[in-house]
Amino acid sequence: MGTVAAVRLRTYQGLPSEPVRPRGLPRVAEVVPAGTAESVRLCWDTTDLRLLAHGGTLERRQGAAGGAWQLTLPDGTELSGTGATVPAELHDRIRSYTGGRPLHPVLRISSHRARSLLRDHHGRTLAELDRTEVVAQPLGGPPGPGRLAGWTRTEVRLLRGRPRLLAALDGRLRADGLTEVPATVPQAVLVHPATLSAPAPGSAGAALAAYLRRQCAQLLALDGAVRRDEADSVHQMRVCARRLRSSLTSCRSLLRQTGAADIAVELRWLGQVLGAARDAETTGQRLAAAAEQLPPELALDNPAAGLAERFRQRYAAAHQEVREVLDSERYFTLLAAVEQLAADPPLRRRAGRGRTELECLLRREQRRTGHRLNRALALDEGPTRDEALHAARKAAKRARYTAELAGAKPLARRMRTIQETLGSYQDAVVAEHLLPTLAAEAHAAGANSFSYGLLHAAQRPLARSALAAARPAWQRARKTKLCRLR
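For the structure given in this document, a descriptive report is provided here. (Residues numbered from 1 in each chain as written. Predicted model: local features only at pLDDT ≥ 70, side-chain atom pairs only at ≥ 80, totals over all residues. Heavy atoms only, no water.)

## Focus: the overall build of the protein chain
For the protein chain, the helix and strand inventory stands at 13 helices and nine strands. The principal-axis extents of the C-alpha atoms in the protein chain amount to approximately 90 × 60 × 55 Å. Burial status across the protein chain gives 44% buried among its 486 residues. Restricting to contacts in the protein chain with at least 6 residues of sequence separation, those with at least 24 account for 71%. Averaging the coordinates of the 74 positive side-chain charges in the protein chain and doing the same for the 48 negative ones gives two points 9 Å apart. (Helix = DSSP H or I, 4+ residues; strand = E, 2+ residues; numbered from the N terminus. Buried < 20%, exposed > 50% of the residue type's maximum accessible area, 1.4 Å probe, protein only. Contact = heavy atoms within 4.5 Å. Lys, Arg positive; Asp, Glu negative; His and termini not counted. Charge placed at Lys NZ, Arg CZ, Asp CG, Glu CD.)

Below is the structure:
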């Protein structure tokens, strides 16, 4: 049986006409002033308030030592920094939301906070009452009283008192004209408001629209992590771009192709840029780990360290290219187009159909995957089969993402197994072709390349082992019932 947490904090808005007095409040003997505080903050944003439109804020507290900055991201995450200008880390976190546009002070917020303690006869604090008066003035325009806005916020926090004290305070504040502010979790807000009617709940269009919104918010949130080169961020952003592109391709029958095809092309470009960095990262890790497993007497000149360093350099160069792309106008144009599409997808009339339409999409992607895989497995070993297996892997990936969109979790899991099996095959094939070049580079640098030959010889058996699991994986994923939605 679940538990319900007791409410111990309430927030109100409105201007009170008189201070709170102890009379009539359970166990409260006195209301003691506990000091006041004044603060002035400058909100920074683009001139068209793009960060605020997404639900984020960037503030700098005036008079604070070192220039204190406070960033609140659209998902509610709070970050801080110091400096005379916007700290680089904070700036990186919001560039996807601001579209790369310059930041300026746009709003001056002055706050006066008064704190009071509600105590019992023994001097124990039962509750705290914080009342903050705020005046906000937009910057960059002509001054005047018409450009000022003000509000009052009152917070009541229960400490040692009982819930009936909170209820009594609630009645007192409401009688004084205040209204309670409901507690909500900050959520990302798309900068482009929807202009058309929302698709009917339970329809294929509603599923597609919700999926696009989730992936769009994820793409914007991952931008800062990629710029800061956080662990796994490049991979996650690449997957997000693939999911968006896949949804536009597999669900093209639900969309009027008003720019959707162009967005899919641009998402493919972004995925390729991210892929160069991701491939350098994963290939280096895989080969270095394999080299560490070689017997010491065969691991001449420490091939694991050599491979790790070589791919570290490749990754650094590829990530620098990613940074340059993330600062390009082409990238920011793509983000704006994805946001517009997610906020107001150009749905066709058939998008209003329900479960049966999604099931048709799932069966089509399932059959497409099987056709490509069976065709590839029928080919003789060689480059032609390798290309066909890569195409089958992409089909399984698209089928998996379509299943995620439709909520067909069992099918998504089976398609992921096929994707990972064929991915292991492709990794081995890529490494097999790459290792002779790496061996030549090591030899030119004066290192012994014998270990590279051992790694090269191990790739084909690994590829065959992975491929042997592909057909059984398809047999488990081909069942028609996996495409049925409940």
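Structure's up, so let's keep going.
## Details of a positive patch on the surface
Positive charge collects at one region of the surface, where Arg476, Lys479, Lys481 and Arg484 lie side by side. Looking at the element boundaries, Lys481 is found in the segment after helix H13 (470-477). Judged by its relative accessible area of 52%, Lys481 is exposed. (Patch = residues over 30% accessible without salt bridge, like charges linked within 9 Å, V, L, I, M, F, W, Y side chains within 5 Å. Areas by Shrake-Rupley, 256 points an atom, 1.4 Å probe, with all protein chains shown as cover. Salt bridge = Lys/Arg side-chain N within 4 Å of Asp/Glu carboxyl O.)

## Re the packing of aromatic side chains
Going through the model one piece at a time under the given rule, you end up with two aromatic pairs. Between the aromatic rings of Trp44 and Trp69, the centroid separation amounts to 5.1 Å while the plane-to-plane angle is 65 degrees, which identifies the pairing as edge-to-face. Of this pair, Trp44 sits in strand E2 (residues 30-45) while Trp69 is found in strand E4 (residues 68-72), placing the two residues 25 residues apart along the sequence. Trp44 sits in the buried class, given a relative accessible area of 17%. A residue is classified by how much of its surface remains accessible, and Trp69, at 1% relative accessible area, is buried. Aromatic pair Tyr331 and Phe332: ring centres 5.6 Å apart, planes at 55 degrees, arrangement tilted. Residue classification places Tyr331 among the buried residues on the basis of a relative accessible area of 0%. A cation over an aromatic ring shows up here: Arg314 above the ring of Phe311, its NZ or CZ 5.2 Å from the ring centre. For the cation-ring pair, Arg330 lies above Trp269, with the distance from its terminal atom to the ring centre recorded as 3.9 Å. (Phe/Tyr/Trp six-rings, centres within 6.5 Å; stacked < 30°, edge-to-face > 60°. Lys NZ or Arg CZ within 6 Å of the ring centre and 35° of its normal.)

## A few points about the sheet that holds strand E7 (residues 125-138)
The strand order across the open sheet formed by nine strands is E5-E4-E3-E2-E6-E7-E8-E1-E9, and the pairing between neighbours is antiparallel. Each having just a single partner strand, strand E5 (78-82) and strand E9 (179-180) make up the two edges of the open sheet. Of the pairings in the sheet, the one linking E7 to strand E8 (residues 149-158) comprises 10 bridges and is antiparallel in character. Paired with Ala127 across the bridge in E8 is Leu158. The sheet contacts of helix H3 (residues 163-175) involve strand E1 (9-13), strand E6 (104-119), E7, E8 and E9, and relative to E8 the element is tilted by about 160 degrees. (Pairing = 2+ DSSP bridges. Axes fitted to C-alpha atoms, helices over the stretch in contact; angles between N-to-C directions.)

## Points about helix H12 (residues 450-468)
Here H12 spans 29 Å end to end across 19 residues, near enough to the 27 Å set by a 1.5 Å rise per residue. Residues Ser451, Tyr452, Leu455, Gln459, Arg460, Ala463, Ala466 and Leu467 constitute the buried set of H12. In this fold, the buried residues of H12 make contact with helix H6 (260-292), helix H7 (303-326), helix H9 (355-377), helix H10 (383-406), helix H11 (409-444) and H13. (Expected span 1.5 Å × (residues − 1).)

## So, the pairing of strand E3 (residues 57-61)
Strand residues, when the strand is regular, have side chains that alternate between the two faces of the sheet. Here E2 runs beside E3; their pairing, made up of four bridges, is antiparallel. Residue pairing in the sheet places Arg41 in a bridge with Arg61 of E3. Sheet topology note: the E3/E4 ladder contains five bridges and is antiparallel. Paired with Leu58 across the strands is Leu71, a residue of E4.

## Quick look at the side chain of Ser233
As for its placement among the helices and strands, Ser233 is situated in helix H5 (residues 233-250). Take Ser233: its relative accessible area is 3%, and that puts it in the buried class. Within the local environment of Ser233, its side chain forms a polar contact with the backbone oxygen of Ala225, the two atoms lying 3.3 Å apart. Apart from residues no more than four positions distant in its own chain, Ser233 is found in contact with Ala225 and Val226. (Polar contact = N/O pair within 3.5 Å; in protein donor to acceptor, adjacent residues only side chain to side chain.)

## Regarding unusual backbone geometry
The phi dihedral of Asp229 is positive, around 55 degrees, even though this residue is not glycine. Here Asp229 is to be found in the loop between helix H4 (204-227) and H5. Under the relative-accessibility criterion, Asp229 is labelled partly exposed at 36%. Backbone geometry places Asn302, a non-glycine residue, at a positive phi of 50 degrees. The residue Asn302 is located in the loop between H6 and H7 in this model.

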